Amino acid sequence: MEAYKAMLEANKKWVEKCLKDDPEFFTNLSKGQQPQVLWIGCSDSRVPANEITGTRPGEIFVHRNIANMVVHTDMNMLSVLDYAVNVLHVRHVIVCGHYGCGGVQAAMTSQQFGLIDNWLRNIKDVYRLHVDELDAIEDETARFDRLVELNVIEQVFDLIKTSIIQNAWKSRSEPFVHGWVYSLNTGLIKDLGVTFDSNSTLPHFYHMRHMPF
Ligand code: CO
């Protein structure tokens, strides 16, 4: 069977199962959403946000792009972030990268891939910030793994540089911003221990006051 047909069939079975477990499942979900988490992850088909975290429809608000980037000119990401933080009032924002990320791997090479080179250049900039540490790692896989981690950490910093996050912290001391990495090999998520709920770790020139008007 063609993949898309199988998906439509699977959807019907999934609806049946959901209704068997809870006849009100869709009725309740249709009333609205109150997710506690915004997930910023990679588009990679092997890292499905809900499935790997055991979460159900309604539990996480999701934004995915190649290599889980927080790019300050990305209107899509900024709109998702603003809506999640200021309308849904999520308690947590999680950047989740993954080892073996094709986007990060491509950024480590000199090869051209087309339009995507402009997106991947943001990862090269992460490499530049950490060039001493990365170039000191001789094993190529270990260096790749470390760039995946450093990329997540830099995206966490890119999140907390935004007025969206900093203004939210002033008004309600939330959300907590986390950096995680998922392993394709084990299925396990590693918390990188870079959780922030204030801008105190940022250099002073990134700190933002409220607008004076
Ligand atoms: Co990826």
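Quantities reported herein were computed from a predicted structural model and do not represent experimental measurements. Every chain is numbered independently, its residues counted from 1 as its sequence is written. Side-chain atom pairs in this predicted model are given and counted only at pLDDT of 80 or more, local residue features only at pLDDT of at least 70, and totals for whole chains, interfaces and linings cover all residues. Based on all heavy atoms of the structure, the side-chain values leave hydrogens and waters out of the count.

Chemist: Just to check I follow, could you spell out unusual backbone geometry for this structure?
Modeler: A negative phi holds for most residues other than glycine; trans holds for most peptide bonds. Of note, the amide linkage connecting Glu174 to Pro175 takes the cis form, showing an omega dihedral of 5 degrees. Only DSSP runs of H or I covering at least 4 residues are called helices, and only runs of E covering at least 2 are called strands; the numbering of each starts at the N terminus. Note that Pro175 resides in the loop between α9 (163-172) and β4 (176-182). In this model, Ala67 sits at a positive phi of 70 degrees, which is unusual for a non-glycine residue. Following the sequence through the fold, Ala67 ends up in the loop between β2 (60-65) and α4 (75-86). Phi angles above zero are rare outside glycine, and Ser173 is one such case at about 55 degrees. For Ser173, the position within the fold is in the loop between α9 and β4. Classification of Ser173 as partly exposed rests on a relative accessible area of 48%. Only protein chains enter the accessibility calculation, which uses a 1.4 Å probe; a residue is then buried when its area is under 20% of its type maximum, exposed when over 50%, and partly exposed in between.

Chemist: Explanation requested: the coordination of the cobalt ion in the structure shown.
Modeler: For a metal with four tetrahedral donors the ideal donor-metal-donor angle is 109.5 degrees, while six octahedral donors give ideal angles of 90 or 180 degrees. Protein coordination of the cobalt ion is provided by Cys42 (SG), His98 (NE2) and Cys101 (SG), with donor distances spanning 2.1 to 2.3 Å. Taken in sequence order, the residues that donate to the cobalt ion follow the motif C-x55-H-x2-C. Of this pair, Cys42 sits in strand β1 (residues 37-42) while Cys101 sits in the loop between β3 (92-98) and α5 (102-107); the two residues are 59 residues apart in sequence, bridging distant segments of the chain. Each member of the pair Cys42 and Cys101 is classed as buried. Listed donors are limited to N, O and S atoms within 2.8 Å of the metal, widened to 3.2 Å for Na, K and Ca; water is not among them, so incomplete-looking sites are possible.

Chemist: Which parts of the structure should I look at to understand the domain arrangement of the protein?
Modeler: Quite often, the size of an interface is put as the accessible area lost when its parts meet. Domain extents, as shown, originate in an automatic or database domain assignment. What the domain assignment reports for the protein is domain 1 (1-32) and domain 2 (35-199). With centres defined by C-alpha atoms, the gap from domain 1 to domain 2 works out at 30 Å.

Chemist: When you look at the side chain of Ser183 in this model, what are you seeing that I'm missing?
Modeler: Tracing the sequence through the fold places Ser183 in the loop between β4 and β5 (189-191). For Ser183, a relative accessible area of 11% translates into the label buried. Any N or O atom pair separated by 3.5 Å or less is treated as a polar contact, with the protein-specific requirement of one donor-capable and one acceptor-capable atom, and with residues adjacent in sequence counted only for side-chain atom pairs. Within the structure, Ser183 has its side chain in polar contact with the backbone nitrogen of Asn185 (distance 3.2 Å). Should any heavy atoms of two residues lie within 4.5 Å, those residues are counted as being in contact. Ser183 has contacts with Tyr99 and Leu188, leaving out every residue within four places of it along the chain.

Chemist: Please explain the pattern of salt bridges as it appears in this structure.
Modeler: Two side chains of opposite charge can pair, provided their charged atoms sit close to one another. We count a salt bridge whenever a side-chain nitrogen from Lys or Arg sits within 4 Å of a carboxyl oxygen from Asp or Glu. Per the counting criterion, the structure on display carries 10 salt bridges. Residues Arg146 and Glu133 are paired through a salt bridge, measuring 2.5 Å at the closest nitrogen-oxygen approach. Within this pair, whereas Arg146 is found in helix α8 (residues 140-160), its partner Glu133 is found in helix α7 (residues 131-135), the two being separated by 13 residues in sequence. Since its relative accessible area comes to 24%, Arg146 is described here as partly exposed. A salt bridge links Glu174 to Arg172, with the shortest nitrogen-to-oxygen separation between them at 3.1 Å. The exposure class assigned to Glu174 is buried, which follows from its relative accessible area of 15%. Accessibility expressed as a relative area gives 25% for Arg172, which makes it partly exposed. Here the salt bridges do not stand alone but share partners, grouping Glu133, Arg146, Glu149 and Lys190 into one network.

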